[in-house]
Amino acid sequence: MKETGKVFLVGAGPGDPGLITEKGLKRLRECDVVVYDHLASERFLDEVPEESQRIYVGKKAGCHYMKQEEINQLLVDLAKEGKNVVRLKGGDPFVFGRGGEEVMAVSREGIPFEVVSGVTSAVAALASAGIPVTHRAVSRSFHIMTGHTMTEAGKLPLDFSEFAKLSGTLIFLMGLSHLPLIVKGLMENGKPGSTPAAVIEKGTLPGQRVVRGTLDTMEQRVAEEGIGTPAIIVVGEVTALDFASTYHEPLEGVRVAVTGTDLLAAKLRKSLEEAGAYTECVLSMELESHRSGEAMKTAYERMADYGWIVFTSANAVREFFLGLLESGGDNRRLGHVKFAAVGKGTAKELLRYGFTTDYTPEEYCAAALAEGLKRVVKEGERLLIPRSFKGSPELVEILDSAGIVYDDIVLYDVAERRKGAKEMAESLKKADYLTFASGSGVDAFFENAGEDVTALLDGIRVVCIGDITARKLEEHGRKADVTAARFTVEGMTEAISRDWNRGSENCFSCLREHRWKKEPVYSA
């Protein structure tokens with residue numbers, strides 16, 4: 001009989017992916033299956049092991065993909081299959097998240113569970129907007145009510161009058177559609193029309209907006225500004241305070257659409273998010289391995305024939321060593337071999353397997369790698385080049401011109417996993433930048449973007465990891481706006497940061513609304 005699994009109710013926080021707890025991330029990284037709602041950031045799903053199951057259950061306002069009772073049963077069924085389940089919920093599981101119902105369901109079946117608290121938007125969104133929930137001599141308490149189930153037939157709940165009479169800060173989650181009713185109810189129960197109030201849209205996320213006023217003016221202010229959901233209503237003297245952060249990360253508020261393999265995209269997104277950006281993957285490249293193919297099997301058997309192994313990507317390093325072990329070999333077969341790597345990232349990956357590079361070019365590109373090899377490869381030495389199906393032809397063209405003997409073998413290929421065309425278009429409409437980390441990524445994007453690709457890219461700064469990728473982009477009729485000087489994830493982040501902040505380092509508020517158009521090509 002299978003051992004029963006465990007259920008972990010994990011709060012994902014208010015939306016900013018940096019505000020999930022360390023323990024929450026740990027549970028995600030160890031789970032067999034994640035059951036998740038509509039999340040403000042899908043970045044959390046990148047933390048789930050590749051082989052783990054992902055089940056979307058909806059729970060977006062106005063659109064419930066699965067009923068709560070069905071979700072409860074799903075958690076029970078998955079745990080009984082012996083799986084460790086993460087139930088990932090926005091905010092905190094117990095702050096209007098119906099986490100209690102899910103706990104009761106698994107408890108009745110004797111299934112072990114754990115609740116991992118999340119940062120609630122009731123506090124975090126206010127802090128992000130510069131509104132403290134309490135402040136000495138202003139507010140000594142705060143109170144939270146859901147506005148989602150505010151009324152039946154246009155009436156306030158029976159306990160609303162008691163809530164309205166409370167001192168301190170009053171917070172309404174998910175209540176924007178009932179704003180007129182809430183304002184009316186507060187004033188009818190003694191709150192003066194001059195009471196300070198605020199509405200926060202998309203708290204902690206890019207595009208966050210805050211309107212401040214009083215109960216008398218709030219409805220008009222929200223209508224004038226076109227405030228939409230998700231939004232939080234705050235009422236009380238603290239809303240007159242403005243403690244908004246004066247420190248900003250270099251890419252705070254910037255939206256970056258990312259393309260690339262899962263591993264590279266995850267690294268780039270992490271690097272960009274650490275600089276303050278909001279990221280979204282619009283085209284994921286799935287690696288298809290050929291390490292067990294006949295060509296690589298022969299190469300592993302003939303390892304003694306090679307004087308050099310040349311790596312053009314970190315993916316190639318990982319696939320090569322996995323294949324070596326699967327072929328029955330190990331690192332002892334490589335004692336006589338010298339290694340070349342196209343750049344520091346590839347060299348760093350090689351070091352993880354116990355080898356340092358014998359040659360890395362100063363300029364991280366295939367042409368520079370080939371030119372360097374011409375100088376260091378001795379006569380009679382044979383090269384093994386295990387790489388991507390769409391590897392740069394420049395590498396072998398230069399080696400051919402020098403008369404260097406090599407075996408250029410396809411070790412892996414990439415295939416795209418993309419969003420639907422409509423979904424991709426919606427994501428790109430919001431983006432300030434679109435990144436490409438390989439020529440294959442450029443090809444895949446243009447193959448899937450449809451006829452309106454020019455319109456899709458209008459107003460977006462397109463970023464390439466290096467010159468080869470930029471040239472591939474030009475083949476599709478679009479010049480790169482930014483090309484990283486260092487062909488690495490860190491180099492791309494630096495290039496975007498410099499581009500975003502150029503000429504406006506002391507005017508962050510201006511940058512958020514700016515969309516770069518018709519600017520000259522810029523390298524950073």
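It should be emphasised that the depicted structure is a prediction, and the values quoted were computed from it without experimental measurement. (Residues numbered from 1 in each chain as written. Predicted model: local features only at pLDDT ≥ 70, side-chain atom pairs only at ≥ 80, totals over all residues. Heavy atoms only, no water.)

1. Observations regarding the pattern of salt bridges
Pairing between side chains becomes possible if they bear opposite charge and their charged atoms approach one another. Enumeration over the complete set of coordinates arrives at 37 salt bridges. Among the ionic pairs, Asp 407 bridges to Arg 302, the shortest N-O distance being 4.0 Å. With Asp 407 in strand β16 (residues 405–418) and Arg 302 in the loop between α9 (294–301) and β13 (308–311), this pair connects stretches of sequence that are 105 residues apart. Relative accessible area serves as the criterion here: at 15%, Asp 407 is assigned to the buried category. When its relative accessible area of 32% is taken as the criterion, Arg 302 is described as partly exposed. In this structure, Glu 426 and Lys 429 form a salt bridge, with 3.1 Å as the shortest nitrogen-oxygen distance. Of this pair, Glu 426 and Lys 429 are both found in helix α14 (residues 421–430), three residues apart, which corresponds to roughly one turn of the helix. (Salt bridge = Lys/Arg side-chain N within 4 Å of Asp/Glu carboxyl O. Helix = DSSP H or I, 4+ residues; strand = E, 2+ residues; numbered from the N terminus. Buried < 20%, exposed > 50% of the residue type's maximum accessible area, 1.4 Å probe, protein only.)

2. Quick word on the packing of helix α8 (residues 262–274) against helix α18 (residues 489–501)
The N-to-C vectors of α8 and α18 enclose an angle of 40°; their axes lie 9 Å apart at closest approach. Put simply, α8 runs oblique to α18. When the axes of α8 and α18 are compared, the crossing they make is right-handed. When α8 is examined against α18, the residues Leu 264, Lys 267, Leu 268, Ser 271 and Leu 272 are found in contact with a partner set consisting of Val 489, Glu 490, Met 492, Thr 493 and Ile 496. (Axes fitted to C-alpha atoms, helices over the stretch in contact; angles between N-to-C directions. Parallel < 35°, antiparallel > 145°, perpendicular 65-115°, else oblique. Left-handed = near helix turned anticlockwise from the far one by under 90°. Contact = heavy atoms within 4.5 Å.)

3. As for helix α11 (residues 344–351)
Residues of α11 that are buried include every one of Thr 346, Ala 347, Glu 349 and Leu 350, and no others. Angular distribution of buried residues about the axis of α11 spans 160°; they occupy a single face of the element. Across α11 from its buried face, at more than 90 degrees, point the exposed residues Lys 344, Lys 348 and Leu 351. (Arc of directions from axis to C-beta.)

4. Regarding the environment of Lys 338
Relative to the elements of secondary structure, Lys 338 occurs in strand β14 (residues 338–341). Take Lys 338: its relative accessible area is 25%, and that puts it in the partly exposed class. Distance from Lys 338 to Thr 357, taken between C-alpha atoms, is 7.3 Å for residues 19 residues apart in sequence. Discounting residues that sit within four places of it in the chain, Lys 338 has contacts with Gly 307, Trp 308, Ile 309, Asp 358 and Glu 381.

5. Here's the deal with empty space enclosed by the protein
Taken as a whole and judged by the stated rule, the model has one cavity of 30 Å³ or more. If you add up the space inside the largest cavity, you get close to 50 Å³. Every residue lining the largest cavity is listed: Arg 255, Val 256, Ala 257, Tyr 278, Thr 279, Glu 280, Ser 427, Lys 430 and Ala 431. At the level of secondary structure, the elements contributing two or more residues to the lining of the largest cavity comprise β11 (255–261), β12 (278–289) and α14. (1 Å grid on protein atoms, 1.4 Å probe; cavity = no way out; pocket = protein on both sides within 12 Å on 5 of 7 lines; lining within 4 Å. Points joined across faces, edges and corners; volume = space filled by probe spheres on them.)

6. A word on the environment of Val 258
Tracing the sequence through the fold places Val 258 in strand β11. Val 258 sits 163 residues away from Val 95 along the chain, and the two C-alpha atoms are 33 Å apart. Contacts of Val 258, omitting those with residues within four sequence positions, involve Ala 265, Leu 268, Arg 269, Leu 272, Thr 279, Glu 280, Cys 281, Val 282, Leu 283 and Thr 435.

7. What about the nonpolar core?
Core analysis: the largest hydrophobic core is formed by 46 residues, its most contacted members being Ile 309, Phe 311, Phe 320, Phe 321, Leu 334, Leu 434 and Phe 445. With five residues, helix α10 (residues 314–326) is the single largest residue contributor to this core. Each residue touching Phe 320, except ones within four places of it in the same chain, is listed here: Met 296, Tyr 300, Met 303, Ile 309, Phe 311, Leu 334, Leu 384, Pro 386 and Leu 411. Residues Val 256, Ala 275, Ile 385 and Phe 487 belong to the second largest nonpolar core, which totals 44 residues. (Core = buried A, V, L, I, M, F, W, Y, C linked by side-chain atoms within 4.5 Å.)

8. Observations regarding unusual backbone geometry
Pro 230 follows Thr 229 through a cis peptide bond whose omega is -5°. Within the secondary structure, Pro 230 sits in the loop between α7 (218–225) and β10 (231–235). Look at Arg 98: it is not a glycine, yet its phi comes out positive at around 60°. Arg 98 sits in the partly exposed class, given a relative accessible area of 37%. Unlike most non-glycine residues, Thr 204 shows phi in positive territory, near 75°. Checked against the element boundaries, Thr 204 lands in the loop between β8 (196–201) and β9 (209–214).

9. Some thoughts on the side chain of Arg 87
Looking at the secondary structure, you find Arg 87 in strand β4 (residues 85–89). The class for Arg 87 is buried, based on a relative accessible area of 0%.

10. Digging into the sheet that holds strand β2 (residues 33–37)
Pairing is parallel across the open sheet formed by five strands, whose spatial order is β3-β2-β4-β1-β5. The open sheet terminates on both sides in strands that have one partner only, identified here as β3 (53–58) and β5 (113–116). This sheet shows a mean twist of 15° between the axes of neighbouring strands, independent of strand direction. Helix-sheet contacts for helix α1 (residues 22–30) involve β1 (7–11), β2, β4 and β5, and the interaxial angle to β5 is about 135°. (Pairing = 2+ DSSP bridges.)

11. Comments concerning the pairing of strand β18 (residues 461–464)
Burial along β18 is two-sided: Arg 461 and Val 463 facing one way and Val 462 and Cys 464 facing the other are all buried. By the bridge criterion, four bridges tie strand β17 (residues 433–436) to β18 in an arrangement that is parallel. Within β18, the position partnered with Tyr 433 by the bridge is Arg 461. Where β18 and strand β19 (residues 482–483) come together, two bridges link them in parallel fashion. Considered in β19, the bridge of Val 463 is made with Val 482. Each parallel crossover has a hand, and for β18 linked through helix α17 (residues 467–475) to β19 it is right-handed. (Right-handed = clockwise from strand over helix to strand, strands pointing away.)

12. Structural notes on the packing of helix α15 (residues 439–448) against α17
The N-to-C vectors of α15 and α17 enclose an angle of 25°; their axes lie 8 Å apart at closest approach. Overall, the two elements α15 and α17 adopt an arrangement that is roughly parallel. Where α15 crosses over α17, the two elements pack in a sense that is right-handed. Along the contact surface, α15 presents Gly 439, Val 442, Asp 443 and Phe 446, while α17 presents Thr 469, Lys 472 and Leu 473. Tallied by class, residues from the contact of α15 with α17 come to three nonpolar, two polar and two charged. (Nonpolar A, V, L, I, M, F, W, Y, C, P; charged D, E, K, R; others polar.)

13. Comments concerning the sheet that holds β8
Taken in spatial order, the five strands line up as β6-β7-β10-β8-β9 in an open sheet, and their pairing is mixed. What marks the edges here is a single partner per strand, and that holds for β6 (142–146) and β9. Along the sheet, successive strands turn relative to each other by an average axial angle of 20°, direction set aside. Note: strand β7 (residues 169–173) against β10, four bridges, orientation antiparallel. Across the sheet, the residue bridging to Phe 172 is Ile 233, located in β10. Lying on the sheet, helix α4 (residues 121–128) is in contact with β6, β7, β8 and β10; it crosses β10 at an angle near 80°.

Purely spatial values, then, with no claim about function.
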